[in-house]
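Descriptive analysis of the structure
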Amino acid sequence: MFRLPILLFTVTFLYGCAAPHPQMAMGTDLPPQKITGEKVCEVPQHWKSQALQGLDTRKPITSGTIAQFEMAPELIGDALGMFVESEDSTQREYDHYPRWTWPVLFVNATGGQRMYSAVSKNPLRSRYLTAVIPDLRKSEVAAGHLYLLSGAMTKIFTAQGIGLPLPIGVDCLKGIDAEFIRNFQSKLERLADAWAYPEITDRIRQDFPRTSFPGDGNTYALAETAWNPKFTGSLRQVTDEERSAERGHQIIVLPFGLPTLASFFGGKIVATLNQVHFGPFGERAYSAYEAGEALRNRLVRYRTALDALEKQLGVKNDPPEFVLAFSGKKSGWEIGEELAPTVREFWERYEALERALEQRHTMRK
C-alpha cells in the first residue's frame, strides 16, 4: 500500500493558482519557428498542458469573458502530468510537469466552433476551472455552449460534469453537432466580464507570461516551465497513425445508459486501453508511487490553505484521508475514478470552511 500524507501548502486563489516563480519574465515572445502546431484531433504536444490557447498576456486583459467550469472529480487523473529528466541532472533526477490547462470547445448559436483553454493549478483545492475568452462578450458566451476536452482529446465534458468519449481520428469533433448539443447541452452559470475580476486575469497573466505564435493561426500564453526543451520534446507534427500507436490498442466501448450516443459517432465509440506511456495525458500509465509524487505539491498547497481557514475560524479537524493502494500501473483515468470520492471530499471540506468564514464576516457587519 502506498500512503501519501497530506502535508502543508502556500497560497491559493479563486481558480486554484499557486504564487508565480519570482523570476518569471513578463511578456516574452517565443520565436515562431521554435514551436510547431498540430491539427485539432491529433495528439497535443506536451507544452499545451501548460498553455492557454487564444490568449495574449503581453498586455492587460480588459475585455472578453471569464467562464468557470465545474470539473468532474475524475479529471484529477488527467492532471497528473509527467516526469522529465532535469536539464542539469547528473544523477538522473526528474522534474514533475503537471497538467495545468485543458482545451475548451465553444459552439456558438449557429453551430460554429472555436477553441480556447481552461486552467486549474490545483484541482484538489477548487472544483472550478477558469477560461478567459478574450474575443467574446458574456452574452455571446451565454448564447452558446462550452465543452471541456481532456488533454489528449479523447473525452468531452459538459458544464454539468458529464463525461463522454470521443472517437479517435481527424474528425474527433465532427459528432459535436446540433443533435449532440440538444442531447448534451453545456451551459455555464459562472460567467463574468473579464474586466470585473482583475485579480483573476492578473494572476493568469503572471502564471502564463510567455506569448507564442507557433504558426498554426493561434496565439498561446505559456507558463515559464512549458519551455524546458526536455519537456517539450522534439515539437514535431504528430500523424494520425502515430497518434493511434502512442495511445495503445483500440477497443470499442458500448455507451451503457446512453442509447442514442453511438449514433453521434457513426454507430461506435472508440477508446483506448491504459498502455500509453507518452505525454502528460490521462491515458498515461502511473504506479501508485508516481501518482502520489505527481499530486504531492497540490496536496501540500491544499493542506496549507485548509489550515489557514481553520486557524481563522478557530477550529481543527482531521484532514481528509488520501490513499493510493494498487500494484503495477494504472492509467490516469483509472486513478482519477478511484480518487473521485476523495477529491469531492476535499472540495466539500474547503467550501464548508469558506462558507463558515463568510457567514462570520456577514454577522459581524
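Residues numbered from 1 in each chain as written. Predicted model: local features only at pLDDT ≥ 70, side-chain atom pairs only at ≥ 80, totals over all residues. Heavy atoms only, no water.

By size, the foremost hydrophobic cluster in this structure holds 48 residues, and its most contacted members are L75, L129, L146, L148, L324, I335 and L339. Listed by contribution, the elements that provide at least two residues to this core are β4 (65-70), β7 (101-107), β8 (113-119), β9 (128-133), β10 (145-149), α7 (288-313) and α8 (332-364). Setting aside anything within four residues of it in sequence, one finds L339 in contact with I76, L295, F322, V323 and L324. Counting residues in each nonpolar core, the second largest holds 16 residues, with V107, L149, L164 and F184 among its members. (Core = buried A, V, L, I, M, F, W, Y, C linked by side-chain atoms within 4.5 Å. Buried < 20%, exposed > 50% of the residue type's maximum accessible area, 1.4 Å probe, protein only. Helix = DSSP H or I, 4+ residues; strand = E, 2+ residues; numbered from the N terminus. Contact = heavy atoms within 4.5 Å.)

Moving on to the packing of aromatic side chains. For any pair of aromatic rings, geometry is given as the distance between the ring centres together with the angle between the planes. Enumeration over the complete set of coordinates arrives at 8 aromatic pairs. For the ring pair W47 and Y220, a centre distance of 5.0 Å and an interplane angle of 85 degrees mean the geometry is edge-to-face. Of this pair, W47 sits in the loop between β2 (28-30) and β3 (51-53) while Y220 sits in strand β15 (residues 220-222), placing them 173 residues apart in sequence. Note on Y97 and F231: the rings are 4.3 Å apart at their centroids and 10 degrees apart in plane angle, and the pair reads as stacked. Here F231 lies in helix α4 (residues 229-232) and Y97 lies in strand β6 (residues 94-97), a separation of 134 residues in the sequence. For the pair shown, Y97 and F231 are each scored as buried. Over the ring of W100 we find K121, and its NZ or CZ is 4.2 Å from the ring centre. It is R190 that lies over the ring of Y128; its NZ or CZ is 3.8 Å from the centre. (Phe/Tyr/Trp six-rings, centres within 6.5 Å; stacked < 30°, edge-to-face > 60°. Lys NZ or Arg CZ within 6 Å of the ring centre and 35° of its normal.)

Another aspect to go through is the confidence of the model for the chain. In this model, the chain carries a mean pLDDT of 78, and residues with pLDDT of at least 70 account for 75%. A low-confidence stretch, residues 1-35 stays under pLDDT 50, and its non-local contacts, those more than four residues away or across chains, total 111 contacts. Predicted confidence is poor over residues 234-240, with pLDDT under 50, and the contacts of this stretch with residues over four places away or in other chains come to 24 contacts. (pLDDT = per-residue confidence, 0-100.)

Scanning the model with the defined rule gives 17 salt bridges in all. In this structure, E351 engages R127 in a salt bridge whose closest nitrogen and oxygen atoms are separated by 2.6 Å. Of this pair, E351 sits in helix α8 while R127 is found in the loop between β8 and β9, placing the two residues 224 residues apart along the sequence. One salt bridge connects K329 with E290, and the closest N-O pair in it is separated by 3.6 Å. You can see K329 sitting in strand β20 (residues 329-331) and its partner E290 sitting in helix α7, a full 39 residues away along the chain. Via salt bridges that share partners, R303, D307, E310 and K316 belong to a single interconnected network. (Salt bridge = Lys/Arg side-chain N within 4 Å of Asp/Glu carboxyl O.)

Right, let's get into the environment of L339. Within the secondary structure, L339 sits in helix α8. Separated by 265 residues in the primary sequence, L339 and E74 place their C-alpha atoms 6.8 Å from one another.

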